[in-house]
Amino acid sequence: MSPTADTTSKVVTTFLDKPTFSCARCTAVIALQDEVISKAFSGRDGRGYLIHSAVNLKMGKKEDRPLMTGVHTVADVYCMGCNARMGWYYHKASDHTQKYKEGKYLLEREKLVKENNWTLDDEPQ
C-alpha cells in the first residue's frame, strides 16, 4: 500500500469486534486493549497504562518533565473528539533504563472506558 493510499477503511476494520479503550467524555476510540504493555504506570491523576499505539489523539507541545523515573521529553495528548487531556507521549527518556518508553503512550485510566464488545450466547438471531 502506498503512503498516500486511503487507509480509512483499514483503520475501521482493524477495530471491528476488538476490545478497545474509548474516551470517557466523548466515546471516541483511542486504542486497542491488545496494545497495553503495562498497567502499572502512574499518570497525573492516578493510574495509567503504557500503550504501544493510539488513534484519535492530537499531540501538544514537547517538554522536559520530571517524572517518577527521571526526566523525560514528553508531549501531552488530547482526544480529537472533545479535547480532553488523555495522558502523554514519550518522545525521549534521558536514562538508558527507561528507553523502552520512547515512542509509547501513557494513557490515564480514569480518562478511558473499556469497551469489551462482548456478545451473549443466547442473543436472538
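Residues numbered from 1 in each chain as written. Predicted model: local features only at pLDDT ≥ 70, side-chain atom pairs only at ≥ 80, totals over all residues. Heavy atoms only, no water.

K.L.:
Residue-level account of the pattern of salt bridges, with values.
P.N.:
Summed over the entire model, instances satisfying the criterion amount to 7 salt bridges. Residue Asp76 is joined to Arg44 by a salt bridge in which the shortest nitrogen-to-oxygen separation is 3.5 Å. Residue Asp76 is located in strand 6 (residues 70-79), and its partner Arg44 is located in the loop between strand 3 (36-43) and strand 4 (46-51); the two are separated by 32 residues in the primary sequence. The buried category is assigned to Asp76, whose relative accessible area is 10%. For Arg65, the salt bridge identified is with Asp76, shortest N-O distance 3.0 Å. Of the two residues, Arg65 sits in strand 5 (residues 57-67) while Asp76 sits in strand 6, which places them 11 residues apart along the sequence. Across the pair, Asp76 and Arg65 agree in class, each one buried. Connected through shared salt-bridge partners, Arg44, Glu63, Arg65 and Asp76 make up one network. (Salt bridge = Lys/Arg side-chain N within 4 Å of Asp/Glu carboxyl O. Helix = DSSP H or I, 4+ residues; strand = E, 2+ residues; numbered from the N terminus. Buried < 20%, exposed > 50% of the residue type's maximum accessible area, 1.4 Å probe, protein only.)

K.L.:
Which residues make up the sheet that holds strand 1 (residues 20-23), and what values do they have?
P.N.:
As summarised here, the arrangement of the 3 strands in space is 2-1-9, forming an open sheet in which the pairing is antiparallel. At either end of the open sheet lies a strand with only one pairing partner, and these are strand 2 (29-32) and strand 9 (112-115). Strand-to-strand, the axes of this sheet are offset by a mean angle of 30°, without reference to chain direction. Bridging between strand 1 and strand 9 involves 4 bridges; their strand directions are antiparallel. Each bridged residue has a counterpart across the sheet, and for Thr20 the counterpart in strand 9 is Glu115. (Pairing = 2+ DSSP bridges. Axes fitted to C-alpha atoms, helices over the stretch in contact; angles between N-to-C directions.)

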